[in-house]
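Examination of the molecular architecture
Now for the letters of each chain:
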Amino acid sequence: MTTRIDVHTHFYPTSYLAALERRSDIPRVYRDGGLRRFVIFPEEHADPRIGRPIEDGWWKVAGKVGFMDENAITQSVISLGNPWLEPFEGQEGIELAREVNIELGALEDATGGRLVGLGALPATGVGDVLAEIAAIDEHPSLRGIVTGPRITHLMLDDPELEPVWNELESRSLPVLLHPQDGVGLDVLEGYGHVLPVGVGFPMETTAVVSRLVFGGVLHNHPDLKIVVSHGGGTLSALVGRLDAAWRSDEIGRTRLPEPPSRSIARLYIDAITYAPAPLQASMAMVGQDRVMFGTDHPFSIEDADAVVDAMDAIDQETVDSIFAGTASTLFRLH
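Presented here is an overview of the structure given in this document. (Residues numbered from 1 in each chain as written. Predicted model: local features only at pLDDT ≥ 70, side-chain atom pairs only at ≥ 80, totals over all residues. Heavy atoms only, no water.)

A word on the overall build of the protein chain. Helices and strands together make up the secondary structure of the protein chain, namely 16 helices and 13 strands. Against the compact-globule benchmark of 20 Å for 334 residues, the protein chain has a radius of gyration of 19 Å, which places it among compact chains. Each of the three principal axes of the protein chain carries a C-alpha extent, and together these read 55 × 45 × 45 Å. Here the protein chain holds 334 residues, and the buried ones make up 56% of them. Look at the contacts in the protein chain between residues 6 or more apart in sequence, and 71% of them connect residues 24 or more apart. Looking at the protein chain as shown, the accessible area adds up to about 13,300 Å², and 52% of this sits on carbon and sulfur atoms. (Helix = DSSP H or I, 4+ residues; strand = E, 2+ residues; numbered from the N terminus. Rg over C-alpha atoms; globule rule 2.2 N^0.38 Å. Buried < 20%, exposed > 50% of the residue type's maximum accessible area, 1.4 Å probe, protein only. Contact = heavy atoms within 4.5 Å. Areas by Shrake-Rupley, 256 points an atom, 1.4 Å probe, with all protein chains shown as cover.)

For helix α1 (residues 14-21), the set of buried residues is S15, Y16, L17, A19 and L20. Packing partners of the buried residues in α1 comprise β2 (28-32), β3 (35-39), α3 (56-59) and α5 (90-105).

A few words on helix α11 (residues 235-248). For α11, spanning 14 residues, the distance from its first C-alpha to its last is 19 Å, which sits close to the expected 20 Å at 1.5 Å a residue. Where α11 bends most, at R241, the angle is about 30°. For α11, the set of buried residues is L235, V239, L242, D243 and W246. Where α11 is buried, its residues touch α9 (194-214), α12 (250-255), α13 (260-264) and α14 (276-286). (Expected span 1.5 Å × (residues − 1). Bend = angle between axes of the 7 residues up to and from the residue.)

So, about the pairing of β2. Looking at chain direction, β2 and β3 are connected through five bridges and run antiparallel. Bridging from a neighbouring strand, V29 pairs with F38 of β3. In sequence, β2 turns back onto β3 through a hairpin of two residues, with G33 there showing a positive phi of about 65°. (Pairing = 2+ DSSP bridges.)

The next point concerns the pattern of salt bridges. Summed over the entire model, instances satisfying the criterion amount to 13 salt bridges. A salt bridge links R22 to E92, with the shortest nitrogen-to-oxygen separation between them at 3.6 Å. Of this pair, R22 sits in the loop between α1 and β2 while E92 is found in helix α5, placing the two residues 70 residues apart along the sequence. Overlapping salt bridges bring together E86, R150 and D181 as one network. (Salt bridge = Lys/Arg side-chain N within 4 Å of Asp/Glu carboxyl O.)

Let us look at the side chain of E86. If you trace the backbone, E86 turns up in the loop between β5 (75-79) and α5. Here E86 falls in the buried class, since its relative accessible area comes to 15%. In this structure the side chain of E86 is engaged in a polar contact, spanning 2.8 Å, whose partner is the side chain of Q180. (Polar contact = N/O pair within 3.5 Å; in protein donor to acceptor, adjacent residues only side chain to side chain.)

The omega torsion of the bond from I26 to P27 falls at -5°, within 30 degrees of zero and hence cis. Along the chain, the position of P27 falls in the loop between α1 and β2. Backbone torsion omega between H297 and P298 reads 15°, so that peptide bond is classified as cis. Residue position: P298 is located in the loop between β13 (291-292) and α15 (304-309). Look at D296: it is not a glycine, yet its phi comes out positive at around 65°. If you trace the backbone, D296 turns up in the loop between β13 and α15. Residue classification places D296 among the buried positions, given a relative accessible area of 4%.

A word on a nonpolar patch on the surface. A grouping of V183, V199 and M203 is seen on the molecular surface, where their side chains present a nonpolar patch of about 200 Å² in accessible area. Among the secondary structure elements, V199 is positioned in helix α9. (Patch = residues over 30% accessible without salt bridge, like charges linked within 9 Å, V, L, I, M, F, W, Y side chains within 5 Å.)

Structure (structure tokens):
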């Protein structure tokens, strides 16, 4: 049986869910009788009963491992899901980051190596972020970090984050980059979380990565290991246009001395495209050796069968690389 490593799969430790449940504003966890619901989008806040139910796969090891068994997944690189630690300030944010990472780091031993973790970063300042990166790197069961479109409330191309990129690059810690709120929510209203997740999330990813590219972060840190969620958003459809925009405007070339497609080709991406054509486009953008299997479990948009079926026309060597080879090397897995 082919080894399958899931590099995009989320887990919400009990300490984190408890912290969200103490909040009254989004993002928060809402009690609906005996059911907990995850409330993150404005429409859900207006009527929290349409928030997503928190099922066992969100926070119980048995639920996560059960999903893996059902889908022939050998090992999962689990990460905290949005909104990560951005809502939590001061000492609460620092302590919660440590609690969350300790809980995630304990799961490798608890599951015989089937679950390893990515650490989460506090949103309380660059100094605290650097301290937590060091702690994550020193933990034997944490293999990188996860972040949304901001680190400690700063856009990822902000010059204040240069020490963070230096640290991540020097430690060779992979970064899973994930959307948080979506963009254009005002024109996506009226469809629950369907359009925010289906359109707003990949567009947010595209915008954030484009800032990383045009801000010169990827060019200046060529050894950064960044994994972009959801097949790279819509980057594969826009990479040529981004090159054209760079050529057409001197402002873009002042911070980026090479076509953006070259920086984009240094990225890793997950294979969560759900269909063959976008998967092929993503592979053409970064190379087949920089694409890895993912599921986006436990969210409702998860469709592991569609992710697998999208590989039907790909040769077996590439399939093996997507399923396990690249992830095994990148995340130093056993």
